[in-house]
Amino acid sequence: MKAKTRNMRPRDYRDGYEEGYRLGLCEAVMRLNPPVAGACRPLKLMYIPQGFQAIDTGVTDALQQLVSELLIGSPETMLEMAAHELPGAVLVMNGLHVFPENHLEQIAEIRKLGIPTAIWFVDDPYFTKDTSVICHHYDHVFTHELGCVDFYRSLGVNSVHYLPLCVNPQMFYPRRTGPQYQYDVVFIGNAFRNRTELFDELAPFLHGKKVLIAGGFWERLTAFEELSPYIKDGFIPPEETANYYSGAKLVINIHRPWEGGQDNRNSYQLPSRSINPRTYEISACGTLQLTDVRDDLGSHYRPGKDLDIFSNPEELKLKIDYYLKHEKERRKLALQGLHTTLRHHTFTARLPRLLDVLTAQA
């Protein structure tokens with residue numbers, strides 16, 4: 001033990017102390033904001049997950065506290081389960097990607113049984129070609145995208161509700177990480193056009209920093225060869241993502257572009273106004289977030305208080321440089337972001353709004 005201690009560099013001591021201090025403060029914030037569920041409603045609810053672990057697990061855990069009985073179905077057999085169990089309502093997550101071709105036929109038959117149905121679109125507005133059709137088949141439509149509320153109403157859907165996304169704090173939370181997860185700057189996500197353009201601009205600036213860029217399609221970068229030492233290719237599971245967020249000094253959040261093209265099915269070309277789930281997940285890990293701006297960001301977080309923002313590569317460079325050199329300021333924003341997230345943006349805090357709609361009809 002003594003030999004190991006003698007070999008440690010002064011920077012190791014400093015970084016270890018700062019990390020331990022940060023985690024202690026995060027623990028204090030979490031103790032001040034324990035998970036609190038709303039009243040349990042006398043409702044037998046059937047939930048159909050899509051397979052997004054970070055979202056489905058958060059929804060399931062919250063609903064188990066918020067309704068008297070929760071059934072977990074599957075896209076392939078939801079009609080069979082509904083006919084057998086006769087739940088008070090059915091909630092479908094997204095209705096995209098993994099759902100079978102007879103998805104809407106099953107929903108029609110479920111409604112014929114007198115069972116109210118609801119869908120929560122969490123990929124809006126990137127699949128309006130599909131959701132513009134799906135929305136007509138449900139009694140209630142919830143969307144995380146502020147800009148889609150009037151869109152669905154214009155299509156003749158009567159019950160449309162804005163329900164922002166949020167986070168599961170049992171999955172995304174501050175934790176001690178090993179050196180393999182500790183970076184100065186982290187970005188996790190696929191290489192959409194706006195993201196590659198930004199990192200092409202950042203490439204020379206990132207030299208000499210410990211950087212992780214993780215996700216798919218980063219070979220699209222013009223500066224791919226220059227940035228390749230920083231790139232971890234492929235999907236990063238939620239638990240590992242939370243490790244990287246927790247181990248980072250700061251995390252960059254770049255929202256997906258809404259314009260059509262090879263990465264979207266937004267045939268109605270609806271602009272995206274709402275923040276992504278990553279916004280909540282980064283802050284839930286007690287790490288400073290530098291994010292680009294969406295219209296409703298200020299309704300959920302306070303720029304300069306809970307996180308910080310950038311509007312172009314030069315501003316991002318200045319803020320990365322500043323916060324890497326100013327630990328106290330970085331930690332202050334990260335802790336306030338954690339507090340705001342735990343207080344307002346968990347699934348147990350968010351889902352009562354959805355249940356109010358379902359139980360009002362019942």
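Being a predicted model, the structure only gives us computed values, none of them experimental. (Residues numbered from 1 in each chain as written. Predicted model: local features only at pLDDT ≥ 70, side-chain atom pairs only at ≥ 80, totals over all residues. Heavy atoms only, no water.)

Asker: What should I look at first to understand the environment of Gly20 in this one?
Answerer: In this structure, Gly20 sits in helix α2 (residues 10-32). Take Gly20: its relative accessible area is 28%, and that puts it in the partly exposed class. (Helix = DSSP H or I, 4+ residues; strand = E, 2+ residues; numbered from the N terminus. Buried < 20%, exposed > 50% of the residue type's maximum accessible area, 1.4 Å probe, protein only.)

Asker: Which parts of the structure should I look at to understand the nonpolar core?
Answerer: If you look at the biggest cluster of nonpolar residues, it comprises 50 residues, and the most contacted ones within it are Leu45, Val59, Leu63, Trp120, Phe172, Leu351 and Leu355. Setting aside residues no more than four positions away along its own chain, Leu45 makes contact with Leu63, Val67, Glu69, Leu70, Leu71, Pro87, Ala89, Val90, Leu91, Leu355 and Leu358. (Core = buried A, V, L, I, M, F, W, Y, C linked by side-chain atoms within 4.5 Å. Contact = heavy atoms within 4.5 Å.)

Asker: Can you help me understand helix α12 (residues 313-325) in this one?
Answerer: For an α-helix, the turn length of 3.6 residues means that residues three or four places apart are oriented alike. Here α12 spans 18 Å end to end across 13 residues, near enough to the 18 Å set by a 1.5 Å rise per residue. Buried within α12 we find Leu316, Lys317, Lys319, Ile320 and Tyr323. In this structure, the buried side of α12 is in contact with β7 (185-188), α8 (193-206), β10 (250-253), β11 (288-291), β12 (308-309) and α13 (327-344). (Expected span 1.5 Å × (residues − 1).)

Asker: How do you make sense of helix α10 (residues 238-247) when you look at a structure like this?
Answerer: Of all 10 residues making up α10, 8 are buried, and the element is well covered by its neighbours. Within α10 the residues assigned to the buried category are Pro238, Thr241, Ala242, Asn243, Tyr244, Tyr245, Ser246 and Gly247.

Asker: Could you clarify how one ought to interpret unusual backbone geometry in this entry?
Answerer: With the exception of glycine, the majority of residues adopt a negative phi angle, and the majority of peptide bonds are in the trans configuration. Of the consecutive residues Asp124 and Pro125, the connecting peptide bond is found in the cis state with omega at 0°. The topology assignment puts Pro125 in the loop between β4 (117-121) and α6 (128-134). At Asn94, a position not held by glycine, the phi torsion is positive, near 75°. Positive phi, close to 55°, is recorded for Gln269, a residue that is not glycine. Position of Gln269 among the secondary structure elements: in the loop between β10 and α11 (277-284).

Asker: What am I meant to see in the pairing of strand β8 (residues 211-215) here?
Answerer: Working note: regular strand, side chains alternate between the two faces of the sheet. For β8, the buried fraction is high: 5 of the 5 residues fall into the buried class. Relative to β8, β7 runs parallel, the two sharing 4 bridges. Considered in β8, the bridge of Val185 is made with Val211. Crossover β7 to β8 through α8 is right-handed. (Pairing = 2+ DSSP bridges. Right-handed = clockwise from strand over helix to strand, strands pointing away.)

Asker: Is there a simple way to think about the sheet that holds β12 in this case?
Answerer: In a beta sheet, neighbouring strands pair by backbone hydrogen bonds and run either parallel or antiparallel. Read from one edge of the open sheet, 6 strands run β9-β8-β7-β10-β11-β12, paired in parallel fashion. Edge positions in the open sheet fall to β9 (231-233) and β12, since each of these has one partner strand only. As defined by bridge partners, β11 adjoins β12 across 2 bridges and the pair is classed as parallel. Note on β12: the bridge partner recorded for Leu290 is Asp308.

Asker: Whenever I open this one, the environment of Arg153 confuses me. Can you help?
Answerer: Assignment of secondary structure puts Arg153 in helix α7 (residues 149-154). Residue Arg153 is classed as partly exposed on the basis of its relative accessible area of 44%. Arg153 sits 18 residues away from Cys135 along the chain, and the two C-alpha atoms are 9.8 Å apart.

Asker: I'm lost on the side chain of His300 in this one. Help?
Answerer: With respect to the helices and strands, the residue His300 is situated in the loop between β11 and β12. We classify His300 as buried; its relative accessible area is 10%. Within the structure, His300 has its side chain in polar contact with the backbone oxygen of Asp296 (distance 3.0 Å). In contact with His300, not counting residues within four places along its chain, are Tyr162, Pro164, Ile275, Tyr280, Thr340, His345 and Arg350. (Polar contact = N/O pair within 3.5 Å; in protein donor to acceptor, adjacent residues only side chain to side chain.)

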